[in-house]
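# Coordinate inspection notes
What follows is the residue order along each chain.
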Amino acid sequence: MMSREIQTKYLIVGNGVAAVGGVEGIRQINPDGKIVLVSDEPYHTYSRPLISYWLEGRVDREHMRYRGADFYKVNRVDARLGEAVTAIDAAAHTAKLAGGEGIVYEKVLIATGSKPFVPPITGANGAKNAFTFTKLDDALAIGKRLTPESRVVIMGGGLIGLKAAEAVLGQCASLTVVDLADRVMPSVLDAECAAAMADHLRSLGVDLRLKTSLTAVADGTVTTSEGDVLPTDILILAVGTRPNQQLAADAGAACERGIVTDTAQRTSLADVYAAGDCTQSRDISAGVDRNIAILPNAYLQGEKAGINMAGGAAAFEAAFPVNAMGIKDFYLLTAGSTAGEPVTVRGEDGGLRKFYIADDRLVGFIILGDCQRAGIYTDMIRNGTKLSSADWEALLKTPQLAAFEKDVRLADLARAH
């Protein structure tokens, strides 16, 4: 028996970007229906990419908010922060909280995000100096331990690992990044671009060890697959993330590379929706279903889900990966897929751009250096713009609306300007 039941029209599980999109989507259609939002984190909604900026000292806690301090009040949300939903009974339209309370809902949005993947390493489980790097609590814990004398080891040379590296650079005595892959950021960079990033990291004093893993964690040391024993005060495990889909799976929802939804963000269960990093999306740049864990997709999925939960009609049909990063004045932007014919452009300023083309369309790109106005390229991917409708040679030199035929500029690309 549940100790108490809470009645609500809309239940949102989560408090990140997708959850915010859900709230705002609902309120576009229904300004009055009761919304209960439950999150196991006790904090006001915040932008998770900013945890590295907080640790680096570039932003304070106040400026990490994803929405203003009055967000819940303005949107009339009953925010139950620091609580966890442990189960959903889709047939009964109920959810159970860890404290024993029950929630009776009409529609529910699962926006549980992602969780860090921690590979099995002897001694890592429970090590007091080992941390992941996906939540505010992770950054807070590392910040308490980090000193100018700290010897830091990061396992993972992908987006999360390198953002953690940027955050601690200059605040520690030494920094080593270990990755099993043969290059940094292997999921988004090709070999040539990854080599440029690796050179930059080494120029900053990072000890970069590729084709290497960790085999053991002890008190004050880690052991690599090469047999080296590295003194370690702080170990950051940043190998990657996985969709946090267990709640949905336990409720009976179809799950593959994330929670399976249609373009309205409905799951296979009646009145159960899902959005954000916990879901699977159709990548329009590659034509495959995959987990695309990026902020813009999460918000748009949540917004569309909220609109549909409230009786409106909206579809999310333009998912593709976009990743932006700057590490100590070294900037990169990637989008779409590399499943195309590459075209390389080298700038006079030392920048490097690679465009991937298939069937008269831009399906992806990698830009190192000046990323200004690159939204024109991402709009080309999103809209499936035919290269034959543009002056592609001019676009290779610089992103410019003048390179497109007038009707294309007006219909598809003006908002990128």
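As a reminder, the structure under discussion sits directly above these lines.
Here is a short report on the structure shown in this document. (Residues numbered from 1 in each chain as written. Predicted model: local features only at pLDDT ≥ 70, side-chain atom pairs only at ≥ 80, totals over all residues. Heavy atoms only, no water.)

### Examining the side chain of Ser150
- Tracing the backbone shows Ser150 in the loop between helix H4 (136-145) and strand E11 (151-155).
- A polar side-chain atom of Ser150 sits 2.8 Å from the main-chain amide nitrogen of Thr147.
- Residues contacting Ser150, with those up to four places away along its chain left out, are Arg145, Cys172, Ala173, Ser174, Asp233 and Ile234. (Helix = DSSP H or I, 4+ residues; strand = E, 2+ residues; numbered from the N terminus. Polar contact = N/O pair within 3.5 Å; in protein donor to acceptor, adjacent residues only side chain to side chain. Contact = heavy atoms within 4.5 Å.)

### Thoughts on the environment of Cys371
- Residue placement: Cys371 occurs in the loop between strand E26 (361-368) and helix H9 (375-383).
- With relative accessibility at 23%, the residue Cys371 sits in the partly exposed group.
- The residues touching Cys371, leaving out its near neighbours within four places in the chain, are Tyr331, Leu332 and Leu333. (Buried < 20%, exposed > 50% of the residue type's maximum accessible area, 1.4 Å probe, protein only.)

### Re the packing of aromatic side chains
- By the definition in use, this model includes five aromatic pairs.
- A network of ring pairs unites the aromatic residues Phe355, Phe365, Tyr377 and Trp392 as a single cluster.
- Above the plane of the ring of Tyr53 lies Arg58, whose end atom (NZ or CZ) is 4.0 Å from the centre.
- Its guanidinium or amino end placed over the ring of Tyr66, Arg67 lies 4.5 Å from that ring's centre, counting from NZ or CZ. (Phe/Tyr/Trp six-rings, centres within 6.5 Å; stacked < 30°, edge-to-face > 60°. Lys NZ or Arg CZ within 6 Å of the ring centre and 35° of its normal.)

### Re the sheet that holds strand E17 (residues 234-237)
- Spatial ordering of the open sheet is given by E10-E17-E11-E12-E13, a layout of five strands whose pairing is parallel. Unpaired on one side and paired on the other, strand E10 (130-131) and strand E13 (207-210) mark the two borders of the sheet.
- Where E10 lies against E17, two bridges are found, and the strand directions are parallel. Counterpart to Phe131 in the pairing with E17 is Ile236. (Pairing = 2+ DSSP bridges.)

### Observations concerning the sheet that holds strand E16 (residues 229-231)
- If you walk across this open sheet you meet the three strands as E14-E15-E16, and the pairing is antiparallel. Two strands bound the open sheet, and with one partner strand each, they are strand E14 (214-218) and E16. On average, adjacent strands in this sheet sit at an angle of 25° to one another, irrespective of strand direction.
- As defined by bridge partners, strand E15 (residues 221-224) adjoins E16 across three bridges and the pair is classed as antiparallel. Residue pairing across strands places Thr223 opposite Val229, the latter belonging to E16. (Axes fitted to C-alpha atoms, helices over the stretch in contact; angles between N-to-C directions.)

### Notes on the pattern of salt bridges
- A full pass over the atoms with the stated rule returns 22 salt bridges.
- In this structure, Glu166 engages Lys163 in a salt bridge whose closest nitrogen and oxygen atoms are separated by 2.7 Å. A residue pair is termed a helical-turn pair when its members lie 3 or 4 positions apart in one helix, as Glu166 and Lys163 do in helix H5 (residues 159-168) at three residues.
- Judged by its relative accessible area of 2%, Glu166 is buried.
- Owing to a relative accessible area of 14%, Lys163 belongs among the buried residues under this scheme.
- For the salt bridge of Arg266 with Asp262, the shortest nitrogen-to-oxygen distance reads 2.9 Å.
- Overlapping salt bridges bring together Glu56, Arg58, Lys163, Glu166 and Lys328 as one network. (Salt bridge = Lys/Arg side-chain N within 4 Å of Asp/Glu carboxyl O.)

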